[in-house]
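In case you want the letters, here they are:
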Amino acid sequence: ELDTIPLPSFKGQETRMAISKAFLALLAMGVPVEPKACNVRCAAKIASLSSSSIRREGNGIGGGLTRRSSMGGYTTLTPECSKSTRTTPAETNGRRMRARQSVHFPLRPTDTSAMMVPDTISMTTAVASTEGEENSPYDRHLRTSRMLSRVTARKLNALEKHLTKASAAAYGVCFVSIAYTACLLMEAAETLKMLKKKEAEGRIAHFIGLLADRLLRVFPFIDIEVSGVEHIQRENTPTVWVANHVSELDLLVFLILDGRLDIGRKRPIKFLYWDKLNEYPVLSRFLRTSGMIPVSMEDTGFEVDNKYLLQSLKSMYRAMDEAINDGFDVAILPEGRRNTDAPTLAKAFPGAFKLAKKHGAKIGFIGTHGVEEVWNVKDGFHANAKHVSVRFWNAMEISSKEQFVELFYSLLGPWASSKIDSLETPLSAYSTAATSKPDDTNER
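None of these values were measured; they are calculated from a predicted model.

1. Regarding the overall build of the protein chain
- Along the backbone of the protein chain there are 13 helices and 17 strands.
- Residues classed as buried in the protein chain amount to 48% of the 444 residues present.
- Contacts in the protein chain between residues at least 24 apart in sequence constitute 71% of all its contacts with a sequence separation of at least 6.
- If you sum the accessible surface of the protein chain, you get close to 21,600 Å²; carbon and sulfur atoms cover 56% of it.

Right under this line is the structure:
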């Protein structure tokens, strides 16, 4: 079955077949990939590239690959990719139709141990070269994640999972009830002119943070470990906070940190959020009362890049400008939405840098590790673990969007996958590993 893999038409349910076919094709070429990292977009890219530019020469193990060159001919590659020969366009014209109809790869025995790779490898790594971005910060991040061994928190047993989920349910009921009542009271005070809008937004944001932290002490369904507290900006100067985005719990984790560490004591924090969250009545009341900043984007699924609505972007930047001028900090998740390949980071947008540059603000980086083991896109609230690690770095003045993106990946990437602070310890000090290592921080 690996010897001849027909190209699907990418219509209807055949699109799903492209995932497994592209995965098998990569294995046949000796490229290790993680099955769960495959998605429709990557499969389509690989199969489309293969249909137009790759065909088979010969049969069996000795067969080679041919790739269309920029000169219009084909370059024949041996399985070892050690030498190549070129044919002319005239010699290949008669065979191009066959190349478009099927994709052929040489069948070779594959050592199963070679397929074992860290969880952080993404299928995007295998196709990075097709987009000509091998040296972009994102591609370097993918390669670094592939090198580092994955560190995970201790897994919960069945009983611990049930207790954690029960604790989370009790936490949610109490949090929603108290927070909703507080928002109603704050709205009433604002309506009666007892508080100005800016003051009401700051007070409710601060109260919700304290509530989130205090309730966690009663219902500890997650255990948050914080490092780098000494780097938190305490002066009354604007800061734009950025973090990786892997779970629905991210906002709650940040609220807990705000209440525990009193981050927004002088400058309360406003978060950027997807306006689809307004469909949830209780959550939307808190977001509206605390003055959080919405942004609209199409619900395109996770297979394609984010598509933001232009008018929404204009109102978003206007609201962020007003927040900074009114004495608030702004928190942004540059990936735009939850990352299905967590802990590997997704592509980052430079909006945080633009905002910081406009207002002369510093950028504070926050890295989270392990949140996806509690709640993630694919499995929901599965509670495989409950230990979450958060790292703060010094707020920095950044001069270009390229520098911002580079720092985003070089700081948050190693921390998200392996709890490594790349500023303290060079990544070269860590050896590659094919399996995940448990995080024994709690035991230590």
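2. Quick look at the confidence of the model for the protein chain
- Here the protein chain averages 74 in pLDDT, while 63% of its residues score no lower than 70.
- Across residues 49–133, where pLDDT falls below 50, the model places 170 contacts with residues more than four positions away in sequence or in other chains.
- This model gives residues 431–436 a pLDDT under 50, and the stretch forms 15 contacts once residues within four places in sequence are excluded.

3. Description of the side chain of His245
- By the secondary structure assignment, His245 is in the loop between β9 (239–243) and α9 (250–261).
- Given a relative accessible area of 13%, His245 falls into the buried group.
- A distance of 2.6 Å separates the side chain of His245 from the side chain of Asp250, its partner in a polar contact.

4. Details of the pattern of salt bridges
- Across all of its chains, the model carries 19 salt bridges by this definition.
- The residue Glu160 makes a salt bridge to Arg154 at a minimum N-O spacing of 3.3 Å.
- Here Glu373 makes a salt bridge to Lys155, at a shortest N to O gap of 2.8 Å. Taken together, the residues span a long stretch of sequence, with Glu373 in the loop between β13 (362–369) and β14 (375–376) and Lys155 in the loop between β7 (151–153) and α7 (158–191) at a distance of 218 residues.

5. Details of the sheet that holds β13
- If you walk across this open sheet you meet the seven strands as β8-β16-β13-β9-β12-β10-β11, and the pairing is mixed. The strands lining the two open edges of the sheet, one partner per strand, are β8 (223–227) and β11 (293–295). Put simply, the sheet's adjacent strands are angled 25° from each other on average, direction ignored.
- On top of the sheet, helix α13 (residues 401–418) reaches β8, β9, β13 and β16 (387–392); it is set at about 25° to β13, its chief contact.

6. Remarks on the packing of aromatic side chains
- Scanning all chains against the criterion turns up eleven aromatic pairs.
- Summarising the aromatic geometry, the rings of Tyr138 and Tyr409 are spaced 5.9 Å apart at their centres and angled 55° between planes, so their arrangement reads as tilted. Of this pair, Tyr138 sits in helix α6 (residues 137–147) while Tyr409 sits in helix α13; the two residues are 271 residues apart in sequence, bridging distant segments of the chain.
- Since its relative accessible area comes to 13%, Tyr138 is described here as buried.
- Measuring from ring centre to ring centre gives 6.4 Å for Phe404 and Phe408, while their planes differ by 35°; the resulting arrangement is tilted. With a gap of four residues between them, Phe404 and Phe408 both fall in helix α13, about one helical turn apart. Residues Phe404 and Phe408 agree in their burial class; the two are buried.

7. Details of the side chain of Asp258
- Locating Asp258 in the fold gives a position in helix α9.
- Given a relative accessible area of 7%, Asp258 falls into the buried group.
- At 3.5 Å, the side chain of Asp258 forms a polar contact with the backbone nitrogen of Ile263.
- Once residues within four sequence positions are removed from consideration, Asp258 is found in contact with Ala205, Ile263 and Gly264.

8. Considerations on the pairing of β9
- Within β9, five of the five residues are buried, leaving the element largely enclosed by the surrounding structure.
- In β9, alternate side chains face the same way, and those of Thr239, Trp241 and Ala243 on one face and Val240 and Val242 on the other are all buried.
- Alignment of β9 against β13, held across five bridges, turns out to be parallel. Across the sheet, residue Val242 finds its bridge partner in β13, namely Phe365.

9. Quick word on the packing of helix α8 (residues 197–218) against α9
- Running from amino to carboxyl end, α8 crosses α9 at an angle of 95°, the nearest separation of the two axes being 7 Å. With respect to each other, α8 and α9 are oriented roughly perpendicular. Contacts between α8 and α9 involve Ala205, Ile208, Gly209, Leu210, Ala212, Asp213, Arg214 and Leu216 from the first element and Leu252, Leu255, Ile256, Asp258, Gly259 and Arg260 from the second.
- Looking at the contact of α8 with α9 residue by residue, the classes come out as eight nonpolar, two polar and four charged.

10. Some words on the nonpolar core
- In terms of nonpolar packing, the biggest core is built from 45 residues, with Tyr171, Leu257 and Phe392 touching the most fellow members.
- Those elements that place two or more of their residues in this core are α7, α8, β9, α9, β10 (269–274), α10 (281–289) and β16.
- Looking at which element gives the most residues to this core, the answer is α7, with eight residues.
- With sequence-adjacent residues up to four places away left out, Phe392 is seen in contact with Val226, Ser227, Gly228, His231, Ile232, Trp241, Leu257, Leu261, Ile263, Phe365 and Ile366.
- If you look at the next biggest cluster of nonpolar residues, it comprises 35 residues, including Ile332, Phe353, Trp393 and Ile398.

11. Details of α10
- When we look at burial in α10, the residues that qualify are Ser284, Arg285, Phe286, Leu287 and Thr289.
- One or two steps after α10, the chain reaches Gly291, where phi turns positive at roughly 75°.

The rules behind the values
- Residues numbered from 1 in each chain as written.
- Predicted model: local features only at pLDDT ≥ 70, side-chain atom pairs only at ≥ 80, totals over all residues.
- Heavy atoms only, no water.
- Helix = DSSP H or I, 4+ residues; strand = E, 2+ residues; numbered from the N terminus.
- Buried < 20%, exposed > 50% of the residue type's maximum accessible area, 1.4 Å probe, protein only.
- Contact = heavy atoms within 4.5 Å.
- Areas by Shrake-Rupley, 256 points an atom, 1.4 Å probe, with all protein chains shown as cover.
- pLDDT = per-residue confidence, 0-100.
- Polar contact = N/O pair within 3.5 Å; in protein donor to acceptor, adjacent residues only side chain to side chain.
- Salt bridge = Lys/Arg side-chain N within 4 Å of Asp/Glu carboxyl O.
- Pairing = 2+ DSSP bridges.
- Axes fitted to C-alpha atoms, helices over the stretch in contact; angles between N-to-C directions.
- Phe/Tyr/Trp six-rings, centres within 6.5 Å; stacked < 30°, edge-to-face > 60°.
- Parallel < 35°, antiparallel > 145°, perpendicular 65-115°, else oblique.
- Nonpolar A, V, L, I, M, F, W, Y, C, P; charged D, E, K, R; others polar.
- Core = buried A, V, L, I, M, F, W, Y, C linked by side-chain atoms within 4.5 Å.

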